[in-house]
Amino acid sequence: MKIIDGKKIAEKLKSEIANEVAAMIDKDERGPHLAAILVGDDAASQTYVASKEKACASVGMTSSIYRHPSTITEKELLKIVDFLNSDDEVDGFIVQLPLPAHIDENKIIQRIDPKKDVDGFHPINIGKMVLGLPAHISATPQGIMMLLEQSKIETSGKHVVVVGRSNIVGTPLSILLSRKAKNANATVTLCHSKTENLKEICKSADILIAAIGVCEFIKADMVKDGAVVIDVGMHRIASHKTQSGFKLKGDVAFNEVAEKCGYITPVPGGVGPMTIVSLLQNTLKAYKKEVR
Ligand code: NAP
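None of these values were measured; they are calculated from a predicted model.

Draft legend 1. Broad picture of helix H10 (residues 271-287). An ideal rise of 1.5 Å per residue puts 24 Å on 17 residues; H10 measures up with 25 Å between its terminal C-alpha atoms. Burial analysis of H10 places 14 of its 17 residues in the buried class, which makes it a mostly covered element. Once H10 ends, the next one or two residues include lysine 289, with phi positive near 55°.

Below, the structure is given as structure tokens:
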């Protein structure tokens, strides 16, 4: 079994971005700027936004965070989105999800200028992705596509099983993998909570991708010998052994599955760092106006 080192691959891609940004700064250009809107005080959201801010700094990009209490109204939030849409110094921005229940997430996402929608959640970007046109592609699926490509894992003709059909991970990933394109051309089965015979379907996968949101859901008896296993899940489990007071686990029971599969991504250090690097790439694309 081989571990797919997402952290190492992400570092390599980040250094390429850093070189490109440094060349812009040398030419006295402003350089890309990523903004984030953070509503409320959800601990996980704060950590995600902080790591995005840190990643920007690590490649020489500037960033800003617009923090608002969870009492903010939908109308006020829409105004902030409008403000960022019209700010020429902001190339791309994200609205960290989830939002409080009184705010319609779809309404907020659809108000973002698609050119600045570096999370790739706007229907225009999703539509363009489906058609294979230049678009901001959702960071986690894009990161997984790069992870497979960089690890030289063949997808063409392979049976890929994606478990989980969320709009931000499973569904776009299933589309990207099944497209008639380089590093795609897979035969994809998209599973969800109503799928029958899930275990058998998973066992037939050459590449199994777990994006379920249930800690250690995928066990060894669901995996074919030698399969490639990509674990998207991210769960904070309380632990007295770590300084932070928690450790991260995925949707795959790593120890037992690792003994059986050909390749596996760890949690942490697999998909997570690739998600961040994809966001940086999208911000760079937005700066260079490659998505119109
Ligand atoms: P989500 O929106 O909760 O979607 C979960 C999907 O899994 C749904 O499609 C659901 O089916 C399916 N599912 C749930 N229980 C199932 C079961 N018992 N059998 C089969 N399918 C089942 O989750 P998400 O946003 O896609 O995130 C998935 C995981 O990835 C989470 O752990 C999240 O924290 C993690 N994540 C990580 C990153 C990263 O950068 N590493 C990024 C995003 C998300 P239904 O549609 O039928 O409900």
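Draft legend 2. Region of interest: the nonpolar core. Counting residues in hydrophobic clusters, the biggest one holds 48 residues, and the most contacted among them are Ile17, Met61, Ile144, Leu177, Ile209, Ile230 and Met274. Counting residues per element, this core draws most heavily on H10, at 9 residues. Excluding anything up to four places from it in sequence, leucine 177 contacts Met145, Leu148, Thr155, Val160, Val162, Ala184, Asn185, Ala186, Val188 and Ile209. With 18 residues, the next largest nonpolar core counts Val161, Cys191, Val223 and Ala258 among its residues.

Draft legend 3. Representation of the side chain of asparagine 125 in the model. Structurally, asparagine 125 is set in helix H5 (residues 123-131). Exposure remark for asparagine 125: the relative accessible area of 1% places this residue in the buried category. Leave out the neighbours within four places in its chain, and asparagine 125 touches Pro114, Asp117, Gly120, Ala135, His136 and Val291.

Draft legend 4. Region of the structure containing the site of the ligand. What surrounds the ligand is a group of 22 residues, the closest being Arg165, Ser166, Ser193, Val232 and Thr275. At 2.7 Å from an oxygen atom of the ligand is found a side-chain nitrogen or oxygen belonging to arginine 165. In the model, an oxygen atom of the ligand is placed 3.2 Å from a nitrogen or oxygen of the methionine 234 main chain. Here the ligand loses 70% of its free accessible area of 930 Å² to cover by the protein chains.

Draft legend 5. Structural view of the sheet that holds strand E8 (residues 228-231). The sheet built from 6 strands is open, its strands ordered E1-E11-E8-E7-E5-E6 with parallel pairing. With partners counted over all chains shown, the strands left at the sheet margins are strand E1 (2-3) and strand E6 (187-191), one partner each.

Draft legend 6. Here's a closer look at the pattern of salt bridges. A complete count under the given rule lists 11 salt bridges for this structure. Taking the shortest distance from any N to any O, the salt bridge between glutamate 11 and lysine 14 comes out at 3.6 Å. In this pair, glutamate 11 and lysine 14 both sit in helix H1 (residues 6-26), 3 residues apart, roughly one turn of the helix. In this structure lysine 14 comes out as buried when scored by relative accessible area, which is 17%. The salt bridge partner of aspartate 82 is arginine 111, with a shortest N-O separation of 2.9 Å. Here aspartate 82, found in helix H3 (residues 74-86), pairs with arginine 111, found in helix H4 (residues 105-111); they are 29 residues apart in sequence, far enough to count as distant.

Parameters and conventions
- Residues numbered from 1 in each chain as written.
- Predicted model: local features only at pLDDT ≥ 70, side-chain atom pairs only at ≥ 80, totals over all residues.
- Heavy atoms only, no water.
- Helix = DSSP H or I, 4+ residues; strand = E, 2+ residues; numbered from the N terminus.
- Expected span 1.5 Å × (residues − 1).
- Buried < 20%, exposed > 50% of the residue type's maximum accessible area, 1.4 Å probe, protein only.
- Core = buried A, V, L, I, M, F, W, Y, C linked by side-chain atoms within 4.5 Å.
- Contact = heavy atoms within 4.5 Å.
- Near = heavy atom within 4 Å.
- Polar contact = N/O pair within 3.5 Å; in protein donor to acceptor, adjacent residues only side chain to side chain.
- Areas by Shrake-Rupley, 256 points an atom, 1.4 Å probe, with all protein chains shown as cover.
- Pairing = 2+ DSSP bridges.
- Salt bridge = Lys/Arg side-chain N within 4 Å of Asp/Glu carboxyl O.

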